[in-house]
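Here is what each chain is made of, one letter per residue.
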2 protein chains.
Amino acid sequence: MATKYVDLATVKFFMNQVQEAETVLDKERYQDHDSASVDLFIESVKQFADKELFPYFKEMDEKPAYHKDGSVVVHPQVDKMMKQGGELGLIAAPFDYEDGGLQLPMLVHTAAGYILDAANNHLPGYAGLTSGAAELILEFGSKALKESYTPKMLSGEWGGTMCLTEPQAGSSLSDIVTKAIPTDKGHYKINGQKIFISGGDHQYADNIVHLLLARIEGAPAGTKGISLFVVPKNRVTDSGELVPNDVTTVADFQKMGQKGYCTTHLGFGDKDDCQGYLVGEANKGLHYMFLMMNGARIAVGRTASAIASGAYYASLEYANERPQGRKLSSDGTKNLNQKQNLIVEHPDVRRMLLLQKAVVEGGMNLIFKAAKYYDLQHTAQDKTEKHKYHSLLEMIIPVVKTYPSEAGIYAINNGLQILGGYGFCADYILQQYYRDIRICAIYEGTTGIQSQDLLGRKMMLNNGEGAQLLLAEIQQTLDAALQIPGLEIWAKQLGEQLQRTQEILQHLVPFAMQGDFERFLADASVFMEFFSLVLIGWSWLEIAVVAKRALITGDTTHDATFYESKLETLEYFFVYELPKTKGLAEVLLHPSAVTIKKEKELIQ
Amino acid sequence: MATKYVDLATVKFFMNQVQEAETVLDKERYQDHDSASVDLFIESVKQFADKELFPYFKEMDEKPAYHKDGSVVVHPQVDKMMKQGGELGLIAAPFDYEDGGLQLPMLVHTAAGYILDAANNHLPGYAGLTSGAAELILEFGSKALKESYTPKMLSGEWGGTMCLTEPQAGSSLSDIVTKAIPTDKGHYKINGQKIFISGGDHQYADNIVHLLLARIEGAPAGTKGISLFVVPKNRVTDSGELVPNDVTTVADFQKMGQKGYCTTHLGFGDKDDCQGYLVGEANKGLHYMFLMMNGARIAVGRTASAIASGAYYASLEYANERPQGRKLSSDGTKNLNQKQNLIVEHPDVRRMLLLQKAVVEGGMNLIFKAAKYYDLQHTAQDKTEKHKYHSLLEMIIPVVKTYPSEAGIYAINNGLQILGGYGFCADYILQQYYRDIRICAIYEGTTGIQSQDLLGRKMMLNNGEGAQLLLAEIQQTLDAALQIPGLEIWAKQLGEQLQRTQEILQHLVPFAMQGDFERFLADASVFMEFFSLVLIGWSWLEIAVVAKRALITGDTTHDATFYESKLETLEYFFVYELPKTKGLAEVLLHPSAVTIKKEKELIQ
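Please read these numbers as outputs of a predicted model, since none were measured by experiment.

**Quick look at the overall build of chain A**
A tally of regular secondary structure across chain A gives 19 helices and twelve strands. Its C-alpha atoms give chain A a radius of gyration of 25 Å, near enough to 25 Å, the size a compact globule of 604 residues would have. The C-alpha extent of chain A, read off along each of the three principal axes, is 85 × 60 × 55 Å. Taking all 604 residues of chain A together, the buried fraction comes to 59%. Restricting to contacts in chain A with at least 6 residues of sequence separation, those with at least 24 account for 76%.

**Considering the relation of the copies chain A and chain B**
Mapping chain A onto chain B leaves a residual RMSD of 0.0 Å; the transformation is a rotation of 180° accompanied by 0.0 Å of translation along its axis. With respect to symmetry, the two chain copies, as superposed, fit the operation of a two-fold axis.

**Digging into the interface of chain A and chain B**
Contact residues are listed per partner, giving 78 residues for chain A and 78 residues for chain B. Looking at the side of chain A that touches chain B, the element that brings in the most residues is helix H18 (residues 560-577) of chain A, giving eight residues.

**A few points about the pairing of strand S6 (residues 208-216) of chain B**
All names here are of chain B. Of all nine residues that make up S6, nine are buried, and the element is covered over most of its length. Inspection of the sheet shows strand S4 (residues 179-182) paired to S6 by two bridges, in the parallel sense. Within S6, the residue paired with Ala180 across the bridge is Ile216.

**A few points about helix H17 (residues 524-553) of chain A**
Residue and element names in this part refer to chain A. Here H17 contains 30 residues, and its C-alpha end-to-end distance of 43 Å stays within 8% of the 44 Å for a straight helix at 1.5 Å per residue. Burial of H17 is extensive: 24 of the 30 residues sit out of reach of the surface. A positive backbone phi angle near 75° is found at Gly554, which sits one or two residues after H17.

**Thoughts on the domain arrangement of chain A**
When cut into domains, chain A gives domain 1 (8-154), domain 2 (159-283) and domain 3 (446-591). Averaged C-alpha coordinates put domain 2 of chain A and domain 3 of chain A at centres separated by 40 Å.

**Overview of the environment of Gly170 of chain B**
The topology assignment puts Gly170 of chain B in the loop between strand S3 (159-163) and S4. For Gly170 of chain B, a count of 23 C-beta atoms within 10 Å translates into the label buried. Measuring from C-alpha to C-alpha, the distance between Gly170 of chain B and Gln19 of chain B comes to 36 Å, with 151 residues separating the pair along the chain. Not counting residues within four places of it along the chain, the set of residues in contact with Gly170 of chain B comprises Gln324 and Gly420 of chain A together with Thr165 of chain B.

**A short note on the environment of Leu461 of chain B**
The residue Leu461 of chain B is located in the loop between helix H13 (447-458) and helix H14 (465-482) in this model. The residues contacting Leu461 of chain B, other than those within four sequence positions of it, are Ser391, Glu394, Met395, Gly466 and Ala467 of chain B.

**A word on helix H9 (residues 285-321) of chain B**
Residue and element names in this part refer to chain B. Given a rise of 1.5 Å per residue, 37 residues ought to cover 54 Å, and the 53 Å separating the end C-alpha atoms of H9 matches this to within 8%. The largest bend along H9 reaches roughly 40° and is located at Met292. Of all 37 residues in H9, 29 are buried; the element is thus mostly enclosed.

**Description of the packing of helix H7 (residues 124-140) of chain B against helix H8 (residues 143-154) of chain B**
Residues and elements named next belong to chain B. At a closest axis distance of 10 Å, the pairing of H7 and H8 adopts a crossing angle of 155°. Compared by their axis directions, H7 and H8 come out roughly antiparallel. Considering how the two elements wind past one another, H7 and H8 form a crossing that is left-handed. Each of Thr130, Ala133, Ala134, Ile137 and Leu138 in H7 lies in contact with H8, whose residues at this interface are Leu145, Lys146, Tyr149, Thr150, Met153 and Leu154. Within the contact of H7 with H8, the residues separate by chemical class into eight nonpolar, two polar and one charged.

**Thoughts on the pairing of strand S7 (residues 227-232) of chain B**
All names here are of chain B. Counting buried positions along S7 gives six out of six residues, so the element sits mostly inside the fold. By the alternation rule, side chains of S7 split into Ser227, Phe229 and Val231 and Leu228, Val230 and Pro232, which are all buried. Sheet topology note: the S6/S7 ladder contains six bridges and is antiparallel. The residue of S7 that forms the bridge with Leu212 is Phe229.

**Looking at unusual backbone geometry**
Residue and element names in this part refer to chain B. Non-glycine residue Asn283 carries a positive phi angle of around 70°. Residue Glu444 is not a glycine yet carries a positive backbone phi of 50°. Summarising the element assignment, Glu444 is placed in the loop between helix H12 (430-436) and H13. Here Glu444 falls in the partly exposed class, since 18 other C-beta atoms lie within 10 Å of it.

**Remarks on the packing of helix H6 (residues 106-119) of chain A against helix H9 (residues 285-321) of chain A**
Residues and elements named next belong to chain A. Between H6 and H9, whose axes approach to 8 Å, the crossing angle comes to 45°. In terms of orientation, H6 lies oblique with respect to H9. As for the relative orientation of H6 and H9, their crossing is right-handed in sense. Along the contact surface, H6 presents Thr110, Gly113, Tyr114, Asp117 and Ala118, while H9 presents Ile298, Ala299, Arg302, Thr303, Ala306, Ile307, Ser309 and Gly310. Of the residues assigned to the contact of H6 with H9, the class counts are six nonpolar, five polar and two charged.

**Describing the confidence of the model for chain A**
Per-chain confidence: chain A averages 96 in pLDDT, with 100% of residues scoring 70 or above. Scoring of the predicted complex yields 0.98 for pTM and 0.97 for ipTM.

So, how was this worked out
- Residues numbered from 1 in each chain as written.
- Chains lettered and ligands numbered in written order.
- Predicted model: local features only at pLDDT ≥ 70, side-chain atom pairs only at ≥ 80, totals over all residues.
- Helix = DSSP H or I, 4+ residues; strand = E, 2+ residues; numbered from the N terminus.
- Rg over C-alpha atoms; globule rule 2.2 N^0.38 Å.
- Buried ≥ 20, exposed ≤ 12 C-beta atoms within 10 Å, placed from the backbone.
- Contact = placed C-beta atoms within 7 Å.
- Least-squares fit on C-alpha atoms with pLDDT ≥ 70 in both.
- Pairing = 2+ DSSP bridges.
- Expected span 1.5 Å × (residues − 1).
- Domains from an automatic or database assignment.
- Bend = angle between axes of the 7 residues up to and from the residue.
- Axes fitted to C-alpha atoms, helices over the stretch in contact; angles between N-to-C directions.
- Parallel < 35°, antiparallel > 145°, perpendicular 65-115°, else oblique.
- Left-handed = near helix turned anticlockwise from the far one by under 90°.
- Nonpolar A, V, L, I, M, F, W, Y, C, P; charged D, E, K, R; others polar.
- pLDDT = per-residue confidence, 0-100.

Take a look at the structure:
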């Protein structure tokens, strides 16, 4: 097994120097933290991951979670993740002091989560969903709900989940049917089935607190009739006791990857004794849930990028150790008396390494940027600023979730290839990364859903104001890069992409104006691929500006090779990846409507 | 589990109408066969696959082959594949009558193999490698070797393998070290280790006949000192008895996919009693092996395309049954009183279906074409013709092997996505196809090796004569398409790609002329991706010419929808896939040499 899964120096570089953590730490909310304390926190997280997560990564794949006698049995490290992780603050980090939180910026929390995910992506979700569920209660729940449920969630004694998906509805939340029937005792009776509930049950939590979407009897059809409920596995009685709340663990889905992270099918109210407690107002459930969705989507993008990080270092280690083949000499022959070369010296292997590094780090920096926008939104002093950062976050979130998930598959596919036949073998770890990452393009809104969100909603946000705000941010990076020798060429190339984006929108938006939404959104996934490359190009240019300045000013936070390596990877991205936009633009501008159904079914 | 894995009508259409099987069947060698008898053979293979292969596909993944007490235990259907398959002629099909063969064209054998691979890719390899091993003996072995070993191989009683890879050498065959020490009894003593030996051992074969590469003591270094040996697991004594031949089954590699097809580690001569019998002349082993390699590479491409075919039909079936979401009406809202749409009606799902169909069928037709070239080469009456078809086969073989393997991953990735969360779950079959296909880009020369072969050797073949021959073939299709209303536009688009290929070669070849082979071949994999799209574009145009003619002439071999569906898929390929050549060309023409190692190591 490989020994490295993440580059701590890169995590700190992106957090501190590129995303300038200090501009966030300067906010009053974070006055108890500074760069030094935050670095210490990150280092303690790395030590925890080294000790309690990474060594169990392979084992958790080989010994999957399973359903037995009505409950789910998970690997013992889940207990460590929740309790020790809870103590470290990995669940409570972003919350207010008064709620038991650490008031750490999301930027720092995201950097910490990245390290955990890279070490072992089967574990952090247990803590992450508990954090997300607690956030919903803290943000919108009653005082009583907060007091009864969140303290033990934040400490890791209890778990938390999000219960959205139902068998008949899938991604289409309009069609969920789980019922909530009012009673005269203040609570609701819940009845329904939820599937794909991550962390839905396990033997190490005394209780699991489900945040569940359901329809109150008589509510309007569609998404406007969905309410949010706290539905605990065990409800807390007035005397503080825990009694079973008629929540049944029906099954644990067996999966291709991420096998240690259980995925449950839950039944609610089989015996007509399942109590649910309304969170906030009736029929606003989806609205509340979606306020939390940006955090969840940052987390999925983070997980995907982190899994690809683990795969990158595993394949790099192999490439640096494996001798095979020889370079051709200038007459086209090989000198067989020479020792074999290490495969890291072969250009094709280097291409596959640079590709991975470009995907992993370009994604990581954009993910950290999203977390920074999140912090700047949440700490903004005035409405305009809050609106600005909220808009910026909304604009990039579909890409933050999708690019690492989709390009991560492509990256790991190349990492696996570096190992040749060994890459396909169970004794080597690449095949596990390859399987694990595949879920990320499905979690929290599939790529198709994200793409419709990006093109159909985000690009149109406030009549294009969101797009303008984002453009202004990118322009700042372009302006900076244009001033730095060696970066102008890439800045110009990225500028052309912005122009091309404009052309594409001018071609597509008229379809929406004419009411032909099917045609407008038919190629949303292609637009996602296109626009992701633009944003990751921006991310790399931003990294390069800071790296190049560090080299020019002789900044010694990292050594020169570290910065030069970033510039090398930027060059790879701009030479090998960004040109893909050309073909994608051609698709988007093409008059063909071949994917739209005709009267006769021609797909057979 | 899905019910369909291959479209028999399409297999027959490509074999009979597009590749014009009759032009092959007209050759004297095949005089006992005609279109009708060949169709019957293909149908019997389909029935065999329906009954003995497809029903065990999932089970063979769930109960992998394993090593126990020095041998490998495989699924009972391996026995059916070998014995019943042997009876059906699935091992003997291409060989001469006098050797016990059926004298069927490779085109027909390939169509049959395609069906088997699509039904259950864990099984046909046992027969396929036995066929390949027998072919080497029949082609280059002594009369005694033929008589002792091949009859029972062709009947499926004995297995056969190819033993090339060694742990320290991997893809670099120059570095193999397995020893062959001459004795005064005519045989050699073999000593060494071979890994990744598919079908290397199992409980259903009385014997396994290994075709093994080794170095005779004192042979020249590198590939010029490699000889080919028959090394049976049990040797045949003069009296016809079988006695153990000191071949040890050290291990069975556990893998991410294709788990029912064992992958063994074999030891030869641990007790200094392993006899090997030289095939043909000493030091010509690699030459012999590579004469068989085109067949092996057709087989890998065929397997990959066939696996993607299974995945395509499984995802199509799901899309035709799963209701989810609703189309937007012209005011951008959804009518919640409407029933949910089937997901096959959503453009993004249709895109993912067309993508799969384009990859699967575009690849299938090119694979069949390679098999036809093989037949035309082997039945050619004069040297010029033989040379022509040999050259054409050599030109396309790297793409025939690689495109289905690489694009097949991409296709199945999209098939899995159609199922959303279910695609990731073990209860659904998509995840198995996703895992199984991954080995194809590694088998029989990785994509990196194939790409170096394509750019470094094939594009240069006989000073470009090979490329000219191929160009003339493509031009024929272009000329035909230019005459058919509705196809001109695609023909022109493909013509531009040929122009672009020329430009790329004019940019790259000078590096080779200057002796800078590293630079010349640095982007060989990118060239492979580029050129694959060109050849698959050609394949689709060829299909379209026949389909369109059938529609115009009212040919009723298939119904009109069948032909229209092919034209629809052509349009998808030309609109969505072929434009990727633009970005790839930009990469290939870029002056950057970022993947070539500099003095300082910048990949970290």
